[in-house]
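Structural characterization, general
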Amino acid sequence: MSVSDGFVTGFGSYGAFRPWDGYALTVEHSIYVDAACRRHGAGRRLLTALLDHAARAGMHVMIGVISADNLISIRLHEEFGFAVTGRLPEVGRKFDRWLGLVLMQKTLDLPEA
Ligand SMILES: CC(C)(COP(=O)(O)OP(=O)(O)OC[C@H]1O[C@@H](n2cnc3c(N)ncnc32)[C@H](O)[C@@H]1OP(=O)(O)O)[C@@H](O)C(=O)NCCC(=O)NCCS
């Protein structure tokens, strides 16, 4: 969670990618920062904290599922070493138009001792 002056300005979480044992070491995450609080580093801090937590928990891969038109988030994830490994065109529909998704993944570094 990202907090400023006692107010929640953003949150991040991760959970199981698929609910079967074979995928137990792969997680899917999401981050969100209040629109009024963006561009002050909260997104970077949330992503850093999630990656650190997941690596320490022994997770192997983190996956982000991002709207294909969300270039800001795609760029932020690339900066953190995520690579685009999948594209799902027209899988969603909102405001009378189709939405595609981009899958981005990162193999987690082993935490320093
Ligand atoms: C993506 C998101 C989490 C970034 O949060 P943030 O707090 O603005 O991120 P930061 O302040 O740490 O910025 C990180 C970098 O993202 C890029 N960025 C963020 N907002 C940007 C904007 N409006 N235009 C261009 N680049 C932008 C910049 O490279 C920025 O670094 P800089 O400020 O040093 O140039 C936020 O925009 C958001 O909540 N978006 C909606 C939800 C979402 O897309 N979630 C991600 C899906 S998992």
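Quantities reported herein were computed from a predicted structural model and do not represent experimental measurements.

Moving on, we come to the overall build of the chain. Summing up its helical and strand segments, the chain has 2 helices and 6 strands in all. Going residue by residue from the N terminus, the α and β elements of the chain occur as β-β-β-α-β-α-β-β. A compact globule built from 113 residues should have a C-alpha radius of gyration of about 13 Å, and the chain, at 15 Å, falls within 12% of that. By its C-alpha atoms, the chain is 50 × 40 × 25 Å across when sized along the principal axes. Across the chain, contacts joining residues at least 24 apart in sequence account for 54% of those joining residues at least 6 apart.

Turning our eyes to something else, we now look at the environment of Gln 105. With respect to the secondary-structure elements, Gln 105 resides in strand 6 (residues 97-107). With 33 residues separating them in the primary sequence, Gln 105 and Ile 72 have C-alpha atoms 16 Å apart.

Moving on, we get to the nonpolar core. Formed by Val 27, Ile 31, Val 33, Ala 42, Leu 46, Leu 47, Leu 50, Leu 51, Ala 54, Met 62 and Leu 108, the largest nonpolar core amounts to 11 residues. Only strand 3 (26-33) and helix 1 (42-56) provide two or more residues apiece to this core. Counting residues per element, this core draws most heavily on helix 1, which supplies 6 residues. With sequence-adjacent residues up to four places away left out, Ala 54 is seen in contact with Tyr 14, Val 27, Met 59, Met 62 and Leu 108.

Bringing the site of the ligand into the picture now. Near the ligand, the surroundings consist of 18 residues, among which Val 33, Arg 38, Gly 43, Arg 44 and Ser 73 are the closest. Elements supplying a minimum of two residues to the shell around the ligand: strand 3, helix 1, strand 4 (61-67) and helix 2 (71-79). Within the shell around the ligand, the residues separate by chemical class into 7 nonpolar, 7 polar and 4 charged.

Moving on, we come to the pairing of strand 3. As a general feature of sheets, a regular strand has side chains that alternate between the two faces. Residues Val 27, His 29, Ile 31 and Val 33 of strand 3 are buried on one face, while the alternating residues Thr 26, Glu 28, Ser 30 and Tyr 32, pointing to the opposite face, are not. Relative to strand 4, strand 3 runs parallel, the two sharing 4 bridges. Paired with Val 27 across the two strands is Met 62, which belongs to strand 4. Once the chain exits strand 3 it traverses helix 1 before rejoining the sheet at strand 4, and the crossover so formed is right-handed.

Let's shift gears to helix 1. An ideal rise of 1.5 Å per residue puts 21 Å on 15 residues; helix 1 measures up with 21 Å between its terminal C-alpha atoms. Three or more residues of helix 1 are buried, namely Ala 42, Gly 43, Leu 46, Leu 47, Leu 50, Leu 51 and Ala 54. When helix 1 is viewed along its axis, its buried side chains cluster within an angular range of 165° and face the same direction. Just downstream of helix 1 lies Gly 58, where phi reads positive at about 85°.

Each value, and the rule that gives it
- Residues numbered from 1 in each chain as written.
- Predicted model: local features only at pLDDT ≥ 70, side-chain atom pairs only at ≥ 80, totals over all residues.
- Helix = DSSP H or I, 4+ residues; strand = E, 2+ residues; numbered from the N terminus.
- Rg over C-alpha atoms; globule rule 2.2 N^0.38 Å.
- Contact = placed C-beta atoms within 7 Å.
- Core = buried A, V, L, I, M, F, W, Y, C linked by C-beta atoms within 7 Å.
- Buried ≥ 20, exposed ≤ 12 C-beta atoms within 10 Å, placed from the backbone.
- Near = placed C-beta within 6 Å.
- Nonpolar A, V, L, I, M, F, W, Y, C, P; charged D, E, K, R; others polar.
- Pairing = 2+ DSSP bridges.
- Right-handed = clockwise from strand over helix to strand, strands pointing away.
- Expected span 1.5 Å × (residues − 1).
- Arc of directions from axis to C-beta.

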